[in-house]
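Descriptive structure summary
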Amino acid sequence: MCGIVGLHLRNPELQPRLGELLTTMLCEMQDRGADSAGVAVYGDPRMSPPGRTTVSLLETGTDAATLGDAVAAALGGPADVLAVGETLLVSAEADEDALLTACRAAAPDALVAGFGADLAVLKGVGHPRALADGWDLAKAQGWQGVGHTRMATESAVDASGAHPYAVGPGQCMVHNGSFSNHATVRRELVRNGVRFDSQNDTEVGARFVAHQLAEGRDVETALKELCTTLDGFYTLLVSNRDSFAVLRDAIACKPAVIAETDDWVAMASEYRALADLPGVENARIWEPEPEVVYAWTR
Ligand SMILES: NC(=O)CC[C@H](N)C(=O)O
């Protein structure tokens, strides 16, 4: 199991409703994965203030105020921290490398759950409703959101095993399925200097894609490379600041449905997660074909 949802808004008038629509989609998928939940929100001014970089941290071992002071000291400038449950969002007027370095100095054992401009990644063990209520997700705004409900297959049920895996700047991956050769691909990536935070197979896929993008490939090429390198079963949703892409493996036994209107593109593991989207009755709706990359850009 595992439930995936994603919403890419084309019509700016819908942006104030992103959180409300995403919350409904996410919570509809709770019975596909009761272990943990996670979301990535692109463009919410409260969680990722405009003009700043935001870093999402887990397991910092410290409270928000202490973390904020420590990051500010390491950065040499002000930093704000928002914390609910397991996730702490640190934002500052700094570039990604500077803020990541300051966060790592302030909380050396913390896990980086996501980073970039305009991106907030939130994760929590348990029911997605708890995550959504804790963050008041229904009030979030923005142009794109991704969500996941996890039934663990490959690594521990803790925040580090929750999706999305957001391991490159502004990038996210959510996954339903399992990669059978993830240990082999992990070893190859480690040989190339890539570092890992968890034993999770999805993290291998996310770091593989991030590595491809860092080498200059576009999202479609990176996902085609993933098809030829990673074995197993998967439906994947990969998002970037300006892109939204879906891919299934050759056998395509993990469910997926895409719906598209002039106002939005949406994807979910099952149609019921899309059923309340505005205008869905007139949407073009289809099941993605095996090994075809479906990608949209902003
Ligand atoms: N049930 C799933 O699809 C699990 C996804 C992934 N293998 C994980 O354990 O996180």
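Residues numbered from 1 in each chain as written. Predicted model: local features only at pLDDT ≥ 70, side-chain atom pairs only at ≥ 80, totals over all residues. Heavy atoms only, no water.

Some details on the domain arrangement of the protein
- Looking at the protein, the domain boundaries give domain 1 (3–48 + 118–297) and domain 2 (51–111).
- Distance from the C-alpha centre of domain 1 to the C-alpha centre of domain 2: 24 Å.
- Listed as interface residues are 17 residues of domain 1 and, on the opposing side, 13 residues of domain 2.
- In total, domain 1 and domain 2 occlude about 1200 Å² of area from one another, counting both sides; carbon and sulfur atoms represent 60% of this.
- If you sort the residues of domain 1 by the area they bury against domain 2, Lys123, Trp135 and Ala159 come out on top, with a joint share of 36%.
- Here domain 1 is connected to domain 2 by 0 salt bridges. (Domains from an automatic or database assignment. Contact = heavy atoms within 4.5 Å. Buried area = accessible area lost by both parts, 1.4 Å probe. Salt bridge = Lys/Arg side-chain N within 4 Å of Asp/Glu carboxyl O.)

Details of the site of the ligand
- Surveying the vicinity of the ligand reveals 14 residues, the closest of which are Met1, Cys2, Arg150, Met151 and Gly177.
- Take asparagine 200: an N or O atom from its side chain is 3.0 Å from an oxygen atom of the ligand.
- Protein chains bury 99% of the 300 Å² of accessible surface belonging to the ligand in isolation.
- Elements with a minimum of two residues in the shell around the ligand: β9 (172–179) and α6 (201–214).
- Among the elements that line the shell around the ligand, the one with the most residues is β9, at 3 residues. (Near = heavy atom within 4 Å. Polar contact = N/O pair within 3.5 Å; in protein donor to acceptor, adjacent residues only side chain to side chain. Areas by Shrake-Rupley, 256 points an atom, 1.4 Å probe, with all protein chains shown as cover. Helix = DSSP H or I, 4+ residues; strand = E, 2+ residues; numbered from the N terminus.)

What about the sheet that holds strand β3 (residues 53–58)?
- If you walk across this open sheet you meet the 4 strands as β4-β5-β3-β6, and the pairing is antiparallel. Single-partner strands in this sheet number two, and they are β4 (80–84) and β6 (111–117). Each neighbouring strand pair of the sheet contributes to a mean axis angle of 15°, computed without reference to strand direction.
- Alignment of β4 against strand β5 (residues 87–92), held across 5 bridges, turns out to be antiparallel. When the sheet's bridge partners are listed, alanine 83 is paired in β5 with leucine 88.
- Contacts between helix α2 (residues 64–75) and the sheet are confined to β3, β4 and β5, with β5 contributing the most and set at about 35° to the helix.
- Contacting β3, β5 and β6, helix α3 (residues 96–106) crosses the sheet at an angle of about 30° to β3. (Pairing = 2+ DSSP bridges. Axes fitted to C-alpha atoms, helices over the stretch in contact; angles between N-to-C directions.)

A few points about the side chain of threonine 53
- Note on placement: threonine 53 falls in strand β3.
- Within polar-contact distance, the side chain of threonine 53 engages the backbone oxygen of alanine 94 at 2.6 Å.
- Leaving out residues up to four positions away in the same chain, threonine 53 has contacts with Val90, Ser91, Ala92, Ala94, Asp95, Glu96, Leu99 and Gly116.

A look at the packing of α2 against α3
- At their nearest, the axes of α2 and α3 sit 8 Å apart, and the two run at 125° to each other. The angle between α2 and α3 falls in the class oblique. Pair α2 / α3 crosses with right-handed handedness. Here α2 contributes Leu67, Ala70, Val71, Ala74 and Leu75 to the contact with α3, which in turn contributes Ala98, Leu99, Ala102, Cys103, Ala105 and Ala106.
- Among the residues making up the contact of α2 with α3, the classes are represented as 11 nonpolar, no polar and no charged. (Parallel < 35°, antiparallel > 145°, perpendicular 65-115°, else oblique. Left-handed = near helix turned anticlockwise from the far one by under 90°. Nonpolar A, V, L, I, M, F, W, Y, C, P; charged D, E, K, R; others polar.)

A look at the sheet that holds β9
- Read from one edge to the other, the open sheet built from 4 strands follows the order β9-β10-β11-β15, with strand pairing classed as antiparallel. In this open sheet, the two edge strands, each paired with only one partner strand, are β9 and β15 (294–297). Taken over all neighbouring pairs, the strand axes of this sheet differ in orientation by 5° on average, direction set aside.
- In terms of strand pairing, strand β11 (residues 243–248) meets β15 through 4 bridges, oriented antiparallel. Across the sheet, the residue bridging to phenylalanine 244 is tryptophan 296, located in β15.
- Sheet strands touched by α6: β9 and β10 (232–240). Its angle to β9, the strand with the most contacts, is close to 130°.

Quick look at the UniProt feature "domain: Glutamine amidotransferase type-2" (unreviewed entry) in the protein
- Per the UniProt record, "domain: Glutamine amidotransferase type-2" (unreviewed entry) is found at residues 2–298.
- Annotated as 26% helix and 31% strand, the span residues 2–298 places its first and last C-alpha atoms 27 Å apart. (UniProt positions renumbered as here; feature names shortened; annotations may be inferred.)

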